[in-house]
Amino acid sequence: MKKLVWLIAAIASAQVRVSTDAGTLEGISFQKDAVFLGIPFASPPIGPLRWKPPQPPMKWKGVRPAKTFGAACPQSDATYNQTLFAEIAPDYPYYKDPRMDEDCLTLNVWSRNIGAPKPQPVMVWIHGGSNIGGVGSLPPFGPKLAARGVVYVSLNYRLGALGFLAAPELTAESPHHASGNYGIVDLIAGLEWVHRNIASFGGDPSNVTVFGESAGGVMICYLMSSPLAHGLFHHAILESCSCQSYISPELKRRIRYEYDQASAEDAGTALAHAMGASTVKQLRERPADEIVKVSETTPAVMNFLYAGSTVDGWVLPQQPARTFAEQQQMKVNVLTGSNADEGTVALGVLGEPTLANYRTWLQHQFDTHADEVFAAYPAKSDADVRSAFLAAMDDYQRADAVRTLARETVRAGEQAYLYYFDYPSKGAYASQGLGTFHALDLSFVAGGFFRKSRWGEPNSADWKVVETMTGYWVQFAKTGDPNHAGSHQWMPYDPANPQALELGSRVKMIPAPRIRQSEVFERILKARLNETSRK
């Protein structure tokens, strides 16, 4: 306890200042890092600005403290954030007092290059959490990446119904005749802030890499699909991204998308009815936590929120999958991949691993294409169901999507690097049979962060994988090519000979796993895209 108090006192006495276009910030100097926390990149999206595109941050006079994280955007469960802050604080004591508030459009910067003559590459982290949870301050990548010679930025974006709700009245009041996608335009505003200001922190605005996992990777896919984001970043790392595998809801037209058959505006109407509101003004007067609670208990709204975006004609002119298929996406080099056991965290959706439940899940997920998927991922008895389901889930939600992303990147004239992460979990994770589960890569990609309460004490083998993956990620951010001195050669993706770099206990190029089986999902996606075109 005395050590922690001393460290906090040391932080308070070690300060550093930087000027931005909104005013001067005073951060903290901790160990070798200059750290700036809770920097507003937009005005608070509250009151009349709820469900509006982000507005410029308000300027301030004098010096604004930037020594504590901004609030997480409203979400139903803050326990995870609180638990991680407590585990991180002994090493980085500025991880304290996590809070949640609708005034949440802030970002954080770690740098060891302020005032240096040569700017460093910039890495911008976009967090995951199914677009209904998460916060930019987690995981604690900043110190480790700043030590690797990059300026690191993490940022928040609006979540859930507060970040993605579409509604007829919102569409009518918009000069773009569009609604929804507020979380996406938040990220665009954050990247615009980076371009205007990151040079003051020692960063190079002409060399920006965005990276994200799960929903964070999906958000990058949307950014690559949006003309509003073109030119705001130069390389992209998408870990376990899935936006290449499904149909997004459309603003007004009712189509079958990933989780429902409806329009995006239908979700807004459903929320208003569930809250007993007849106007957007009334919804804007309701507390944020009430909106979160009601939206997550209204199936029509949650089905929409899990889809994560709206084809609105402004932010997303068309289906992202079609944008990539037509090579109309942002032209940047891409590093992407998936984990060996992505589906283990989703076993709960199956219930008991029986043939009947497997068939029911296939019917719910794929409708008229259910038999095609069953033929590709068959099960003869209940004993076969778990492995069949996991293989189908791994490929459908992640592996096929990232391979498609890599292929369309190459077809667009850029280079793609595909990985396959296969490193078994340990500790409490292993006892649950999770394997190389969804999001496990985040323990390794940016200098290493292991939850000792779940993983145990990391050993030399763990740190070797950390060094390998972090080396590739940072080098890719610096040059657009992950290969560097001493690394195993990572070959660019070749659609004619689809291979991936296996990352784990061994590092080597391997044939992309189950690529023939997973072609069924590409056929289904193509059929659904054709169906939306005909409507």
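Residues numbered from 1 in each chain as written. Predicted model: local features only at pLDDT ≥ 70, side-chain atom pairs only at ≥ 80, totals over all residues. Heavy atoms only, no water.

A. Representation of the state of the cysteines in the model. Within the structure shown, the criterion is met by two disulfides. Shown here is the disulfide that connects Cys221 with Cys243, its sulfur atoms set 1.7 Å apart. Taken together, the residues Cys221 in helix H7 (residues 215–225) and Cys243 in the loop between strand S9 (235–239) and strand S10 (255–256) connect sequence positions 22 residues apart. This pair shows no difference in class: Cys221 is buried, exactly as Cys243 is. When the bonded cysteines of the protein are numbered from the N-terminus onward, they pair as 1-2, 3-4. Cys241 takes part in no disulfide bond, and the closest cysteine sulfur to it belongs to Cys243, at a distance of 4.5 Å. Note on Cys241: relative accessible area 1%, which makes it buried. (Disulfide = S-S within 2.5 Å. Helix = DSSP H or I, 4+ residues; strand = E, 2+ residues; numbered from the N terminus. Buried < 20%, exposed > 50% of the residue type's maximum accessible area, 1.4 Å probe, protein only.)

B. Structural view of the packing of aromatic side chains. By the definition in use, this model includes 37 aromatic pairs. Between Phe69 and Trp110, the ring centres sit 6.3 Å apart and the planes meet at 40°, which makes this aromatic pair tilted. In this pair, Phe69 is assigned in the loop between strand S4 (63–65) and helix H2 (79–88) and Trp110 in strand S5 (residues 106–111), connecting sequence segments 41 residues apart. Residues Phe69 and Trp110 agree in their burial class; the two are buried. Relative to Phe211, the ring of Tyr152 has its centre 6.3 Å away and its plane inclined at 65°; by these criteria the two rings are edge-to-face. One end of the pair, Tyr152, is in strand S7 (residues 151–155); the other, Phe211, is in strand S8 (residues 203–213), and 59 residues separate them in sequence. Ring-pair connections join several aromatic residues into one group, and the members of that group are Phe30, Phe69, Phe85, Tyr92, Tyr94, Tyr95, Trp110, Trp125, Phe141, Tyr152 and Phe211. The ring of Trp51 is capped by Arg50, whose NZ or CZ atom sits 5.6 Å from the centre of that ring. (Phe/Tyr/Trp six-rings, centres within 6.5 Å; stacked < 30°, edge-to-face > 60°. Lys NZ or Arg CZ within 6 Å of the ring centre and 35° of its normal.)

C. Main features of the nonpolar core. In this structure, Phe36, Val109, Met224 and Phe233 are the most contacted members of the largest nonpolar core, which totals 94 residues. For Val109, the contacting residues outside a window of four places in its chain are Ala34, Val35, Phe36, Ile39, Val151, Tyr152, Val153, Trp193, Ile198 and Phe201. Grouped together as the second largest cluster of nonpolar side chains are 52 residues, Val135, Ala146, Val466 and Met509 included. (Core = buried A, V, L, I, M, F, W, Y, C linked by side-chain atoms within 4.5 Å. Contact = heavy atoms within 4.5 Å.)

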